[in-house]
Amino acid sequence: MNDILPPDSARWEWLEDKVRGLMQRYAYRNIRTPIVEPTPLFVRGLGEVTDIVEKEMYSFEDRLNGEQLTLRPEATAGVVRAVVESNLLYDGGKRLYYMGPMFRHERPQRGRYRQFHQIGAEALGFHGAEVDAELILLADALWKELGLQNVRLELNSLGQPEERRAHRAALIAYFEQNLELLDEEAKRRLHSNPLRILDTKNPAMQALVQLAPRLLDFLGEASRTHLDTVTSILDANGVAWSINPRLVRGMDYYNLTVFEFITDQLGSQGTICGGGRYDYLIEQIGGKAAPAVGWALGVERVLELVKEAGLATVTPVPDAYAVVPDAATLPLVSSVVQALRGAGVSVQMHSPSGAAGEGMGSMKSQFKKADASGARFALIFGADELAQGQVTVKSLRDGSGAQTTQSLSAAAQWATLLQSTD
Ligand code: ATP
Ligand code: MG
């Protein structure tokens, strides 16, 4: 679990701002659900025989009532629970997005943490393949907005339950013929959840999995059409895709479309975003049956990619730094600074660091701090200037050191001078 500290946290805010703007343009609305949910929500929702439920959940007992609780390992189940509880679909489908921390007890490594963060988008109540495509286009637009290249899209269809049943039988037969090649986990899952074996991360089993019967070959007309509609919309929008018949995703709730966005630039943790359709989850969680589709991206991985690609993100700096030689003037100075802030200027106030009793510090040390702050201007509240109702505004960035004198009482009028436009 990581602390996210400045200046790195600026990159997080930069991403979050981009996401908010984009979600607004696609008409997705923000939803915030609790970090803690009843354990059965995830066990039922994600599936008992999944990596997350079998070994990755942070679960504990509520000391007061003995209820089993879990720190959310993902947010879709919680979003669905909230939507059902609040009957949010009463007047039609809803497009939602969230951002926040998730918790999985995994072996920590680059791009894999125990508290990590996801941003996700969910469209609930819509059955059309155009909504699957819309979500994919939304994610693709985000990569473009962030300046990311070399992200590829893999697609698959998990079909419908009856198609899955036929495939499941073929899969079990295939694995039974190759029993000696299965690891312990795969043997255990062979009859409870054979599809999960396809999601194995064990390198020794990749060849076996490659040759396994493909669910794609078991799809009926309607499922194929659904996939074709998604891909033709992607084609019409110039979004490249490829079919990966082994793509099954880590949770049991998916059907029809599943997809992942993958990069080769992050080593083995290359999946930055994954999602798909989950038409049966709402009913399973106790709501009236309704279709849904969504995705989640891993914030740490996306930001690592941003960093890796050397993309510059905005580091916030104040517009101005207030240099205050004499502590006795602080009440007056603070009222001017407040007026500037009220007019939209970002002002960092000088305050001496460390132990008390040193005064405000020399002009030299205050200018050093002003420089280090990155501010474009220093506001020099010298005693002489203040006595005349004025402040000196000194340029710090353009090398000119140009100074002007401004009236204290008219701060709101010259505030725009200070606001950086670049
Ligand atoms: P993986 O196959 O890498 O374990 P997953 O299939 O378990 O991923 P999802 O549950 O689909 O992942 O979550 C969506 C995204 O969240 C992933 O594509 C990844 O970017 C990110 N993610 C998942 N688990 C972690 C983690 N432990 N640390 C950091 N990011 C994660
Ligand atoms: Mg995982």
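Basis of the calculations
- Residues numbered from 1 in each chain as written.
- Chains lettered and ligands numbered in written order.
- Predicted model: local features only at pLDDT ≥ 70, side-chain atom pairs only at ≥ 80, totals over all residues.
- Heavy atoms only, no water.
- Helix = DSSP H or I, 4+ residues; strand = E, 2+ residues; numbered from the N terminus.
- Buried < 20%, exposed > 50% of the residue type's maximum accessible area, 1.4 Å probe, protein only.
- Contact = heavy atoms within 4.5 Å.
- Areas by Shrake-Rupley, 256 points an atom, 1.4 Å probe, with all protein chains shown as cover.
- Lys, Arg positive; Asp, Glu negative; His and termini not counted.
- Charge placed at Lys NZ, Arg CZ, Asp CG, Glu CD.
- UniProt positions renumbered as here; feature names shortened; annotations may be inferred.
- Axes fitted to C-alpha atoms, helices over the stretch in contact; angles between N-to-C directions.
- Left-handed = near helix turned anticlockwise from the far one by under 90°.
- 1 Å grid on protein atoms, 1.4 Å probe; cavity = no way out; pocket = protein on both sides within 12 Å on 5 of 7 lines; lining within 4 Å.
- Points joined across faces, edges and corners; volume = space filled by probe spheres on them.
- Nonpolar A, V, L, I, M, F, W, Y, C, P; charged D, E, K, R; others polar.
- Expected span 1.5 Å × (residues − 1).
- Arc of directions from axis to C-beta.

S.K.: Can you lay out the overall build of the protein for me, pointing to particular residues and giving the numbers?
M.R.: If you tally the helices and strands in the protein, you get 15 helices and 16 strands. By principal-axis analysis of the C-alpha atoms, the protein measures approximately 90 × 55 × 45 Å. Sorting the 422 residues of the protein into buried and exposed places 49% on the buried side. The long-range share in the protein, meaning contacts at least 24 apart out of those at least 6 apart in sequence, stands at 70%. Of the accessible surface of the protein, which amounts to about 20100 Å², a share of 51% is contributed by carbon and sulfur atoms. Within the protein, the 52 negative side-chain charges are centred at a point lying 2 Å from the centre of the 43 positive side-chain charges.

S.K.: Pulling in residues and values, what's your account of the UniProt feature "domain: Aminoacyl-transfer RNA synthetases class-II family profile" (unreviewed entry) in the protein?
M.R.: Cross-referencing UniProt, the feature "domain: Aminoacyl-transfer RNA synthetases class-II family profile" (unreviewed entry) maps to residues 15-325 in the present numbering. Here residues 15-325 is 36% helix and 21% strand, with 39 Å between the C-alpha atoms at its ends.

S.K.: Quick one: what's the story with the packing of helix 12 (residues 330-342) against helix 15 (residues 411-418), residue by residue and with numbers?
M.R.: For the pair helix 12 and helix 15, interaxial distance at closest approach is 9 Å and the crossing angle is 65°. As helix 12 runs across helix 15, the sense of the crossing is right-handed. Seen from helix 12, the contacting residues are Val336, Ala339 and Leu340; seen from helix 15, they are Ala411, Trp414, Ala415 and Leu418.

S.K.: Go over the layout of surface pockets with me, naming the residues and quoting the values.
M.R.: Put simply, the second largest pocket is a space of about 490 Å³. Lining the second largest pocket are 22 residues; nearest its centre among them are Arg164, Arg168, Asn193, Leu195 and Asp252. Contributions of two or more residues to the lining of the second largest pocket are made by helix 2 (39-46), helix 6 (161-177) and helix 10 (281-284). Taken together, the residues of the lining of the second largest pocket break down into nine nonpolar, eight polar and five charged.

S.K.: Tell me about helix 11 (residues 299-308), and please be specific about residues and values.
M.R.: The element helix 11 is largely enclosed, with a buried count of seven among its ten residues. Of the residues making up helix 11, those classed as buried are Val299, Glu300, Arg301, Val302, Leu303, Leu305 and Val306. Where helix 11 is buried, its residues contact helix 1 (8-25), strand 6 (115-124), helix 5 (129-146), strand 10 (271-277) and strand 11 (292-298). A positive phi of about 70° marks Gly310, the residue just after helix 11.

S.K.: Residue-level account of helix 9 (residues 221-236), with values.
M.R.: With 16 residues, helix 9 extends 22 Å between its outermost C-alpha atoms, agreeing within 8% with the 22 Å of an ideal straight helix rising 1.5 Å per residue. Inspection of helix 9 places Ser223, His226, Leu227, Val230, Thr231 and Leu234 among the buried residues, and these make up the whole buried set. Projected down its long axis, helix 9 shows its buried positions confined to an angular sector of 125°, all on one face. Opposite its buried face, helix 9 presents the exposed residues Glu221, Ala222 and Ala236, each directed more than 90 degrees away. Of the surrounding secondary structure, the elements contacted by the buried residues of helix 9 are helix 5, strand 7 (152-157), helix 6, strand 8 (242-243), strand 9 (255-262) and strand 10.

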